[in-house]
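A structural walkthrough
What follows is the residue order along each chain.
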Amino acid sequence: MKKIPGLREACNKIQAGELTPHELLSQCCDQADLLEPSLHAFLVRGSLEDLAKEVKPGPLSGIPVGVKDIIATTQFPTTNGSPIYKGNIPKEDAPIIAKIRQLGGVIFGKTVTTEFAWRHPGPTTNPWNAEHTPGGSSSGSAASVAAGIVPLALGSQTQGSIVRPAAFCGVVGFKASFGAVTREGAHPLAGSLDHIGFFTRSVDDAALAFQLLKNDSLAEEDAIILPDLVLNEKTGIAPFATPRIAKIVTPHDHLLSAEQKQALDAAADRLRAAGAIVQELTLPTQYWDAIADMNLMMDCEAAQIHETHLKENKELLSQHIIDLADRGSKHSSEAYLAARAKQIELKQSIAAFFEQYDGFLSVPASGEAPKGLTSTGDPIFCALWSFLGMPAINLPFTKSGNGLPLGIQLIGQYQEDAKLLSIAKFAEIAFAK
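Chains are numbered independently. Their residues run from 1 in the order of the written sequence. This being a predicted model, a pLDDT of at least 70 is required before a residue's local features are given, and a value of 80 or more before pairs of side-chain atoms are given or counted; all residues contribute to the totals for chains, interfaces and linings. Side-chain measures were taken over the full set of non-hydrogen atoms in the model, leaving aside hydrogen atoms and water.

**So, helix 4 (residues 95–102)**
Turning to helix 4, its buried residues number three or more, namely I96, I97, K99, I100 and R101. The contact criterion used is simple: two residues touch if any of their non-hydrogen atoms lie within 4.5 Å. To qualify as a helix, a DSSP run of H or I must reach at least 4 residues; to qualify as a strand, a run of E must reach at least 2; elements of each kind are numbered from the N terminus. Tucked inside the fold, the buried residues of helix 4 contact strand 2 (64–68), strand 3 (106–111), strand 4 (152–157), strand 6 (195–200) and helix 7 (203–213). One or two residues past the end of helix 4 sits G104, with phi positive at roughly 95 degrees. Burial classification: accessible surface area is computed with a 1.4 Å probe over protein chains only, and a residue below 20% of its type maximum counts as buried, one above 50% as exposed, and the rest as partly exposed.

**Describing the nonpolar core**
Buried Ala, Val, Leu, Ile, Met, Phe, Trp, Tyr and Cys residues form a nonpolar core when they are joined through side-chain atoms within 4.5 Å. Counting residues in hydrophobic clusters, the biggest one holds 133 residues, and the most contacted among them are I71, L154, F198, F210, L271, F360 and W385. Among residues more than four places away in sequence, those in contact with F360 are I245, A246, I248, L281, I350, F353, F354, W385, M390, Q409, L410 and I411.

**Examining the packing of aromatic side chains**
Two aromatic rings, drawn from Phe, Tyr or Trp (for Trp, its six-membered ring), form a pair once their centres lie within 6.5 Å of each other, and the interplanar angle then sorts them: stacked below 30 degrees, edge-to-face above 60, tilted otherwise. Applying the stated criterion to the full structure yields eight aromatic pairs. Relative to W385, the ring of W288 lies with its centre 5.9 Å away and its plane at 80 degrees, an arrangement referred to as edge-to-face. Of this pair, W288 sits in helix 9 (residues 285–289) while W385 sits in helix 14 (residues 380–387), placing them 97 residues apart in sequence. Classification of W288 by relative accessible area gives buried; the value is 9%. The class for W385 is buried, based on a relative accessible area of 1%. Between F360 and W385 the ring centres are 5.7 Å apart and the planes differ by 65 degrees, which places this aromatic pair in the edge-to-face class. Here F360 is found in strand 11 (residues 359–362), whereas its partner W385 is found in helix 14, with 25 residues between them in sequence. Charge-over-ring placement is defined geometrically: NZ (Lys) or CZ (Arg) within 6 Å of the ring centre, and within 35 degrees of the ring normal. Just above the ring of Y414 sits the side chain of K347; from NZ or CZ to the centre is 3.9 Å.

**Observations regarding the packing of helix 8 (residues 258–273) against helix 15 (residues 417–432)**
Running from N to C, helix 8 and helix 15 cross one another at 100 degrees; their axes reach a closest spacing of 9 Å. The orientation of helix 8 relative to helix 15 falls into the category roughly perpendicular. Across the interface between the two elements, A267, R270 and L271 of helix 8 pack against F426, A427, A430 and F431 of helix 15. Three residue categories are used. Nonpolar comprises Ala, Val, Leu, Ile, Met, Phe, Trp, Tyr, Cys and Pro, charged comprises Asp, Glu, Lys and Arg, and polar comprises the others, including Gly. Here the contact of helix 8 with helix 15 is built from residues that sort into six nonpolar, no polar and one charged. Interaxial angle, 0 to 180 degrees, is taken between N-to-C directions of lines fitted to C-alpha atoms, where a helix line uses only the stretch in contact. Angles below 35 degrees are treated as roughly parallel, those above 145 as roughly antiparallel, those between 65 and 115 as roughly perpendicular, and all remaining angles as oblique.

**Concerning the pattern of salt bridges**
A side-chain nitrogen of Lys or Arg and a carboxyl oxygen of Asp or Glu constitute a salt bridge if their distance falls within 4 Å. Using the criterion set out here, one finds 21 salt bridges in the structure. Between D33 and R45 there is a salt bridge; the shortest N-O distance is 2.9 Å. Of this pair, D33 sits in helix 2 (residues 21–39) while R45 sits in strand 1 (residues 42–45), and the two are twelve residues apart along the sequence. Two residues, K110 and D69, come together in a salt bridge whose shortest N-O distance is 3.4 Å. With a gap of 41 residues between them, K110 in strand 3 and D69 in the loop between strand 2 and helix 4 connect regions that are remote in the sequence. Here K110 falls in the buried class, since its relative accessible area comes to 0%. With relative accessibility at 2%, the residue D69 sits in the buried group.

**Topic: unusual backbone geometry**
With an omega of 10 degrees, the peptide bond running from G136 to S137 counts as cis. Turning to its location among the elements, S137 is positioned in the loop between strand 3 and helix 5 (139–146). Despite not being glycine, Q415 has its phi angle at roughly 75 degrees, a positive value.

**Quick notes on the sheet that holds strand 4**
Spatial ordering of the open sheet is given by 1-3-2-4-6-5-12-13-11-9-10, a layout of eleven strands whose pairing is mixed. What marks the edges here is a single partner per strand, and that holds for strand 1 and strand 10 (277–282). Averaged over all neighbouring strand pairs, the angle between strand axes comes to 30 degrees, with direction disregarded. Two strands pair when backbone bridges link them, and strand 1 and strand 3 are joined in this way by three bridges, in the antiparallel orientation. When the sheet's bridge partners are listed, R45 is paired in strand 3 with G109. In the packing of helix 2 onto the sheet, the strands contacted are strand 1, strand 2 and strand 3, and the crossing angle to strand 1 comes to about 140 degrees. Pairing between two strands is assigned when DSSP locates at least 2 bridges connecting them.

**Quick notes on the state of the cysteines**
Only a pair of cysteine sulfur atoms within 2.5 Å qualifies as a disulfide here. Evaluation of the coordinates by the stated rule reveals zero disulfides. Here C169 is not cross-linked by a disulfide; its sulfur's nearest cysteine counterpart is in C382, at 13 Å. Since its relative accessible area comes to 0%, C169 is described here as buried. Exposure remark for C382: the relative accessible area of 0% places this residue in the buried category.

**Considering helix 13 (residues 333–349)**
Over its 17 residues, helix 13 extends 24 Å from the first C-alpha to the last, a length consistent with the 24 Å expected when each residue adds 1.5 Å. Those residues of helix 13 not exposed but buried are Y336, A339, Q343 and L346. One face of helix 13 carries all of its buried residues, which in axial projection span an arc of 95 degrees. More than 90 degrees from the buried face of helix 13, the exposed residues found are E334, L337 and Q348. Multiplying one less than the number of residues by 1.5 Å gives the expected span of a helix. Along the arc lie the directions from the helix axis toward the C-beta atoms.

**Examining the pairing of strand 5 (residues 172–175)**
Of the two faces of strand 5, the one holding V172 and F174 and the one holding G173 and K175 are both buried throughout. Pairing of strand 5 with strand 6, which is carried by four bridges, proceeds in the antiparallel orientation. Opposite G173, over in strand 6, you have F199 as the bridge partner.

**Here we look at the environment of E54**
Mapped onto the fold, E54 is located in the loop between helix 3 (48–53) and strand 2. Accessibility expressed as a relative area gives 28% for E54, which makes it partly exposed. Taking the C-alpha atoms as reference points, E54 and V106, separated by 52 residues in sequence, lie 6.0 Å from one another. Apart from the residues within four sequence positions on either side, E54 is in contact with Q75, R101 and V106.

Structure representation (structure tokens):
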């Protein structure tokens, strides 16, 4: 079977007439037919015949896109990973889906999510070892890109649901700044924390996806419009020159596996060898303490979001969702408002560190993907950056002794997404040497 090109390569080949949309879609369908019996990345996907009918001209012409099953699509059911919504066909596409179609992209299928993007896993397995989790909640999106089925998939992140599964599956996972990509039409987990992002096979692919699909409207609450990236058709985004990078020391570092710690140290050494300035940084404890505020906000917002579900379909909910909403119902409005105020305060104060550094270096997870499919892993190493709405990206780095991917996380200042992607390109080149 032919190696299926990544996003940027596929776009360029199709635009140049070196590859037809039908050929690409056929290759992706063949790959899915081969791997899906054990991978289970998709809840539903289209036939080659039906997908070919969706092709339109545009910069994404013929590009198959996997879509996390919390994002509304009229072509396929949107179940939110819950039996409550089995067979549910939305009346309208989410705006990001409409934009993909306008750009010529093809919705290949709906990828498996944990229930309402929370902890209860679906059937997706890790492409590198079916006995291990792919991570979550964007399980199917990460696995489908890692398995070479699609060159681009949409995911969401409230705590760590893009960066962590990207690390576990060995792909690039990019979560843009809060509000930079529309989340309208995606079922919320916690609206003040939810982000929509991208799984790809390279930094250039992530940069292209972001360029094409970032916000161009302020109609949505909390939306921001970021400047266009500078992308070269042949070379992609330019690597950042001599980045100053803070290697983050966290109070959770005792959770790191020996291999993940070695990977982080090796990544710092590679960056230094490539010309970066890398120094250790310990953030004040108030930042890490604020993860408790993040959890409180999630609890409270989930209690409101799932109020009707609990009243009308409680028997169809997992204990994970029931417990989440139950905790939220016990918090006071004063506590919630205090947590929101802390979020705003820390989002402003962390800017001071970016006067000294261009980006942060950290881990995306405690180590390789855990064995078993009952848990999707711990988001603790991603949570703070999501709470503060900062852009973050996972880069594949190495493999564990068990042959499973280990990643590296880079974090940028809020609204400095282009800068982060440029630093990530620098790192990707350094890691490849």
